[in-house]
Amino acid sequence: MASSMFNKPKSFSLGSKSDVDSTMSDTDTVTSNCNALTGSPTSDDSAVETQFSELSASDRGETESPTSQRMDRSLHIISDESDKTMDGSHRDATATTTNNICPMWSQVFATPSTSPAFTPSSDMSSLKQNLHGLALKLSTDRAKILSRTGKNCATLLMDIATLHDELTHSIKKQCPSTLQHAASGTPMEEFANNVNACVMSFTKQTQSFGVGIRNEVAKPWLDNSANLGDVVPKIYSEYVASRSKCAQARKDALKMRQKYVGSVKDAEGAIQSLRKARVSKHSMNSSDLSNPASPQRVDSSASSQDGGGEEDMEWENALRDFGIRHGLTKNCETVICAFEEIQTSEEQYCSLVDLENAAVLDAQTMELNALDAVQKVEEERILFLMESLDRFLRSEQTALDGMHLELALVPLDLSSGSNHKELPVPSSAPSIFMSPRKRTQSEDGPAIAETRLLNLPDNLAELRDNMKSLVGRQATRLKTLKLVSAYNDGVASAIETFAAGLQSRLENEGYGGKTNSKNSPSSVVLNKNEGERILNAWNKVVSSLETYAVHANNLSKQIKRGNYELYNILLSAEKELKAVNESEENRWKYLCDAAKGETKAKLKQKQLVTDLEKAKTRLTLVDEDGVSDAVDESNSERSTSFMGQSTKIPPSLTPNMNKAMGKMFAILPGGGEDVMNKMLKPEQRAAILKKNLAEAKLKEAKATGSFEIASNVKSQAISAYENQAEAAVTKLKTDEEYVWNEMQKSLANTVGALKSFRAMQHDSVVSSLEAILTHNGGVVLEDLAQWTVNTEQRV
């Protein structure tokens, strides 16, 4: 540590000795005029002139007046007392140094008293004259700046704590309930619970870190900075008040000095008037003054040996006698009054100088005390700041250590059971055979009832139920897939928002490579005023926060990459579900239509076979029937009544008539047998029945062919359904296993990303802590010592 360039402060006042001497120089004119009073003095005036010469000598300082001697003695006493006081202050300051690194500012920065330029009585508004307490002013200004930068840094940490609160709130608001709802009743339920526990551990520790930043670092730092901004200006204001007293005392002393100078000028004028009157009287009474009575001479040496008051009375009496003898009483009294005014002004001026010296002493003492107080506040600030930065990093380290991110993989059980919650999948096509009111049981329940109703193999019912189960599970899986994807996306988005907010907040303060062009960032002001070690510690914290933002951004990207495959599955999952469901319903509808066609064809064939048998029976009965009721003329016309009207039947029927008559009688009850027997002849009835028999045979043959075709179509539909449904079942099971595994991998990737983030951030925090520990304790006070050296050289 370099030795101080300042000398030991001493009490001084520009209004003490130097001003008195300069004022006495003005008295030389008065003295010279007194010497010239008599011109060519006679023996009668020798005593008086002797007194005036002694008075003039005292005014010039050749023989100091008692008043001047008293003033000088007073100044010397004050100076000696000041030296004693300052010496004592320095001894105390040296003995009470707060640390072994930085010297006491009262010892190093005390304003020297070797030059009038450093007087505390100077005008504080003048930059050139205001040199007293310059180091105190610099330290006070620095404390104000550091108070503002401290508030800015604390506000930054407060905003970072708020970002942590928002992050944890975003994750807690949607993610846990989303994942629990998604995995409930699915093969991934146990694994999802483990993932949720890991994410909640991360969230809880992140929230704890945010609370620690706010309560343990930001708020105390904000309070400390506010206290620094209040205490230091208050200390300096007390010093300014003492300086104001000095300035006022100096102002009063200078005002009295002007009055003193005015008194000297008045005395000079009175002496000049006395001289002129003396010369005038001498010229008129030159004859009377040739043999004057020798006045009694006053022994000035004897008088000077007496007290100062006796000496003053001697020359005043002598001057009065002189005035009485020469008729100059009024002029002499004017001179005596003028010198009395000088003496009064001199005494008042010296008294004011004493007051100024006392104010100077108080200002010097106040400066020393203020320097010590500001230094103590600054030392406390530095130590507090280092503790706060250390506490910040340790709080983050504790939060990272408290995160439980160990995830155990749980094998997925994809067998159909209670862990497969199926959603009802509405059929896209209605049932073929049953009305909407009667097919609810067939749709929602097993397909065995429907297959038996359609005369289908029972294995188709099992295959149909399996397909419906797989489609329902696919719908459940799709819902779970959406929720898991939303869960990952919610976590990633919350972390991404946090990282962007943190990065933006740091950039606004001038970190991260970007600065605010409108206002000077606090980082620039901090770098100009803060010490090297404190800056290193703070930059380590900021570097840790910058790394925090980068790691959080990478964490968000890693979670989104793990969710990318789920996005791809989701793009086609709904379409695939709809396609699978529609394909299954179309296959089943085609099969049911084929079964329906076969059943209809079979029923029609049976009906036509029955009609054929009936036609054969009727024809046989007609052939066996006799002609007992025949008329005489077989070809005569026959009339009868039908439906209340007379109808003539021709003796023979054409083929078209046989067909028409057959259709007409077929609509009658019993096939129109009774009516036919009454209206037609046996041969006519036989012709009609033969025609009907031929048509029945033709229809029966066609129905048999249609039945065979429908049976073949049904067989082909059964085979196609079996093949396509089995292939679909195999694909659905494969897709089911793939999708569940992808969802598990995505959630595992989320936890893995959190674990990687914790490891990288933990390394960053540990590195910053190790760097801060090198400056912890009293070592950081070397910043204050360095600033002391730099400021000492600057001053």
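Residues numbered from 1 in each chain as written. Predicted model: local features only at pLDDT ≥ 70, side-chain atom pairs only at ≥ 80, totals over all residues. Heavy atoms only, no water.

What follows concerns the overall build of the chain. Scanning the chain for helices and strands turns up 18 helices and two strands. Taking contacts inside the chain between residues at least 6 apart in sequence as the whole, the part at least 24 apart equals 87%. Total accessible area on the chain stands at roughly 39500 Å², and carbon and sulfur atoms take up 51% of it. (Helix = DSSP H or I, 4+ residues; strand = E, 2+ residues; numbered from the N terminus. Contact = heavy atoms within 4.5 Å. Areas by Shrake-Rupley, 256 points an atom, 1.4 Å probe, with all protein chains shown as cover.)

It is worth spelling out the confidence of the model for the chain at this point. The predicted structure's coordinates, where accompanied by low pLDDT, should not be read in detail. The predicted model of the chain averages 75 in pLDDT, with 70% of residues at 70 or higher. Ranking the elements of the chain by mean pLDDT puts helix 3 (residues 66-95) last, at 36, and helix 9 (residues 329-401) first, at 91. A low-confidence stretch, residues 422-445 (pLDDT under 50), is modelled with 38 contacts involving residues beyond four sequence positions or located in other chains. (pLDDT = per-residue confidence, 0-100.)

The next thing to look at is the packing of aromatic side chains. Overall, the coordinates contain 12 aromatic pairs when judged by the stated rule. Sitting over the ring of Trp787, Arg142 keeps its end group 4.9 Å from the ring centre. (Phe/Tyr/Trp six-rings, centres within 6.5 Å; stacked < 30°, edge-to-face > 60°. Lys NZ or Arg CZ within 6 Å of the ring centre and 35° of its normal.)

Bringing unusual backbone geometry into the picture now. At Asn455, a position not held by glycine, the phi torsion is positive, near 60 degrees. Structurally, Asn455 can be placed in the loop between helix 11 (448-453) and helix 12 (458-508).

Our focus in this paragraph is the packing of helix 6 (residues 189-284) against helix 9. In the contact formed by helix 6 and helix 9, the axes pass within 8 Å of each other and the chain directions differ by 170 degrees. Of the possible angle classes, the one that applies to helix 6 and helix 9 is roughly antiparallel. Here the residues of the contact of helix 6 with helix 9 sort into 42 nonpolar, 13 polar and 15 charged. (Axes fitted to C-alpha atoms, helices over the stretch in contact; angles between N-to-C directions. Parallel < 35°, antiparallel > 145°, perpendicular 65-115°, else oblique. Nonpolar A, V, L, I, M, F, W, Y, C, P; charged D, E, K, R; others polar.)

Bringing the pattern of salt bridges into the picture now. Applying the stated criterion to the full structure yields 25 salt bridges. A salt bridge links Arg142 to Glu378; the shortest N-O distance between them is 3.1 Å. Of the two residues, Arg142 sits in helix 5 (residues 134-183) while Glu378 sits in helix 9, which places them 236 residues apart along the sequence. With its nearest N and O atoms 2.8 Å apart, the salt bridge here joins Arg505 to Glu509. Relative accessible area serves as the criterion here: at 16%, Arg505 is assigned to the buried category. For Glu509, a relative accessible area of 12% gives the class buried. One continuous salt-bridge network, built from bridges that share partners, spans Arg142, Glu378, Arg381 and Glu530. (Salt bridge = Lys/Arg side-chain N within 4 Å of Asp/Glu carboxyl O. Buried < 20%, exposed > 50% of the residue type's maximum accessible area, 1.4 Å probe, protein only.)

Now for the environment of Asn554. Residue position: Asn554 is located in helix 14 (residues 532-624). Expressed as a C-alpha distance, the spacing of Asn554 and Ala492, which sit 62 residues apart in the sequence, is 9.9 Å.

So, about the nonpolar core. Counting residues in hydrophobic clusters, the biggest one holds 122 residues, and the most contacted among them are Leu157, Trp221, Phe392 and Trp538. Setting aside residues no more than four positions away along its own chain, Phe392 makes contact with Leu157, Phe209, Ile213, Val217, Val541 and Leu545. In terms of nonpolar packing, the next biggest core, distinct from the first, is built from 17 residues, Leu319, Leu328, Phe339 and Ile342 among them. (Core = buried A, V, L, I, M, F, W, Y, C linked by side-chain atoms within 4.5 Å.)

To continue, consider the side chain of Ser746. Relative to the elements of secondary structure, Ser746 occurs in helix 17 (residues 682-773). Once residues lying within four places of it in the same chain are set aside, the contact partners of Ser746 are Asn488, Gly562, Asn563 and Leu566.

Right, let's talk about the environment of Gln207 for a bit. Of note, Gln207 is situated in helix 6. Residues Gln207 and His164, spaced 43 residues apart in sequence, show a C-alpha to C-alpha distance of 6.1 Å. Sequence-distant contacts of Gln207, defined by excluding residues within four places in its chain, comprise Thr168 and Lys172.

Within the secondary structure, Pro233 is located in helix 6. For the pair Pro233 and Ala143, spaced 90 residues apart in the sequence, the C-alpha separation amounts to 8.7 Å. Filtering out sequence-adjacent residues up to four positions away, Pro233 remains in contact with Lys144 and Leu228.

Take helix 18 (residues 782-794) next. Each α-helix winds once per 3.6 residues, and so residues spaced three or four apart point in a common direction. Look at helix 18: 18 Å from first C-alpha to last across 13 residues, which is about the 18 Å you get at 1.5 Å a residue. All buried positions along helix 18 are accounted for by Asp783, Leu784, Ala785, Trp787, Thr788, Val789, Thr791 and Glu792. (Expected span 1.5 Å × (residues − 1).)

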